[in-house]
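Given next are the chains, with one letter for each unit.
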Amino acid sequence: MTRTVTVGLDGSPTSVAAADWAAREARLRDLPLRLVTAGEWQPPAYAPTAGLGVPVPPSDLQHAWAQRLLDETRTRVAERRPGLRIDTDEISGLPVPALLKAAEDAELLVLGSRGLSKTAGFLLGSVSLSVLASCRRPVVLVRAAGHGEEEAQPKPLARGLSAATDHRDVVLGLDLHKTDDAVIDFAFDAASRRAARLRIVHGWTPPPYHYGGRLMPDLNDRTATQVGRELSDVLRPWQEKYSAVEVGTQVTVGGAGRHLVDASHDAALVVVGRQIRRAAVGAHIGPVTQALLHHAAAPIAVVSHD
């Protein structure tokens, strides 16, 4: 079965932005785009049909709304991406399990994310967060422009360049203690398809050794040099595989979350990994990913790994 780039729609501005991003990604990957909507209608028991006074079952209202959403989105995307194969599917059942099921046949799943509003606090949708925490396929979360949120703005294109490649960096958050081939390959592949530079951000914490109340600078310098060597060793096979991708590294002191958020403001995509394991309560996402979900301006790709 041919995999797809699958996007979940709910009619919100963020899902519109997600559909646009997914269509562009499907074109980059030469894959079909699959538009899906999932959910159970929960209005009052019955609602009248306009002008007729005839009660309509909620399930029929939900079906009509879903079909209209799918049709309108398909028409909109097809006008912008002529020639792109677009499939639509209305999935019954609750949104989270339905989207997780849809993701099984997808190359990646794309969802809308409201991120952090300056006035409304944390607004990441519970459906997106729940799907992200349990999905084994890569999940990309996309924010909508406007609505009081800061967005990454594309840099002006050089003359003669296609809008398909705006040459903003792809940014990879890399933890040397939890490296995974799937995460690194996803980032290199994304940069290669966009003809973009790959910027790799790694955060490390200096050892807490003190001498006379001061940090030992020689030891920290040696540790930083060792971190740089380890990073080069990890990246070497990927740089050989993707020889056309320009790679830049940024080794930062402390956690990488804040630096990745900063990098997201002029990035095409930020890529991070998520280790598949269960936390004591609910599913585990991790502090770096949490920071990005709420504050990043660029789309975020979360690639799960064992």
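This part takes up the sheet that holds strand β14 (residues 247-253). One open sheet accounts for 10 strands, arranged β5-β2-β1-β6-β9-β16-β15-β10-β11-β14; its pairing is mixed. Looking at which strands have only one partner, the edges of the open sheet turn out to be β5 (86-91) and β14. Shown here is a sheet whose adjacent strand axes are inclined to one another by a mean of 25 degrees, direction ignored. Relative to strand β15 (residues 267-275), strand β10 (residues 169-173) runs parallel, the two sharing 4 bridges. Note on β15: the bridge partner recorded for Asp169 is Ala267. Its contacts with the sheet put helix α1 (residues 13-29) on β1 (4-9), β2 (33-38), β6 (106-112), β9 (139-142) and β15, and the angle it makes with β6 is roughly 155 degrees. Sitting on the sheet, helix α3 (residues 95-103) touches β1, β2, β5 and β6, and the angle it makes with β6 is about 150 degrees.

Right, let's talk about unusual backbone geometry for a bit. The residue Asp30 is not glycine, and still its phi comes out positive at about 55 degrees. With respect to the secondary-structure elements, Asp30 resides in the loop between α1 and β2. The phi torsion at Ala195 lies on the positive side, around 55 degrees, for a residue other than glycine. Within the fold, Ala195 resides in the loop between α5 (181-194) and β11 (198-204).

A few words now on the pattern of salt bridges. Applying the stated criterion across every chain yields a total of 16 salt bridges. Taking the shortest distance from any N to any O, the salt bridge between Asp20 and Arg80 comes out at 3.5 Å. With a gap of 60 residues between them, Asp20 in helix α1 and Arg80 in helix α2 (residues 58-80) connect regions that are remote in the sequence. Judged by its relative accessible area of 54%, Arg80 falls in the exposed class. The partner of Asp89 in a salt bridge is Arg34, with the nearest N and O atoms 2.5 Å apart. Of this pair, Asp89 sits in strand β5 while Arg34 sits in strand β2, and the two are 55 residues apart along the sequence.

Bringing the nonpolar core into the picture now. Ranked by internal contacts, the top residues of the largest apolar core, which has 48 residues, are Leu33, Val110, Leu172, Leu198 and Val271. Apart from residues no more than four positions distant in its own chain, Leu33 is found in contact with Val5, Val7, Ala22, Ala23, Ala26, Val77, Leu84, Arg85, Ile86 and Asp87.

The rules behind the values
- Residue numbering note: each chain is counted from 1, following its sequence as written.
- Residues qualify for local features only when their pLDDT is at least 70, as the model is predicted, and side-chain atom pairs are given and counted only at 80 or more; totals for whole chains, interfaces and linings, by contrast, use all residues.
- No hydrogens and no water enter the side-chain calculation; it runs on all heavy atoms of the structure.
- For two strands to be treated as a pair, DSSP must find no fewer than two bridges joining them.
- A run of DSSP states H or I qualifies as a helix once it reaches four residues; a run of E qualifies as a strand once it reaches two. Both are numbered from the N-terminal end.
- To obtain each axis, a line is fitted to C-alpha atoms, and for helices this fit is confined to the stretch in contact; angles are then taken between N-to-C directions over 0 to 180 degrees.
- Two residues qualify as a contact provided that any one of their heavy atoms is within 4.5 Å of a heavy atom in the partner residue.
- One side-chain nitrogen of Lys or Arg within 4 Å of one carboxyl oxygen of Asp or Glu is enough to make a salt bridge.
- The cut-offs for exposure are 20% and 50% of the maximum accessible area for each residue type, with area from a 1.4 Å probe on protein chains only; residues under the lower value are buried, those over the upper are exposed, and the others partly exposed.
- We call a set of buried residues a nonpolar core when its members are Ala, Val, Leu, Ile, Met, Phe, Trp, Tyr or Cys and they connect through side-chain atoms within 4.5 Å of each other.

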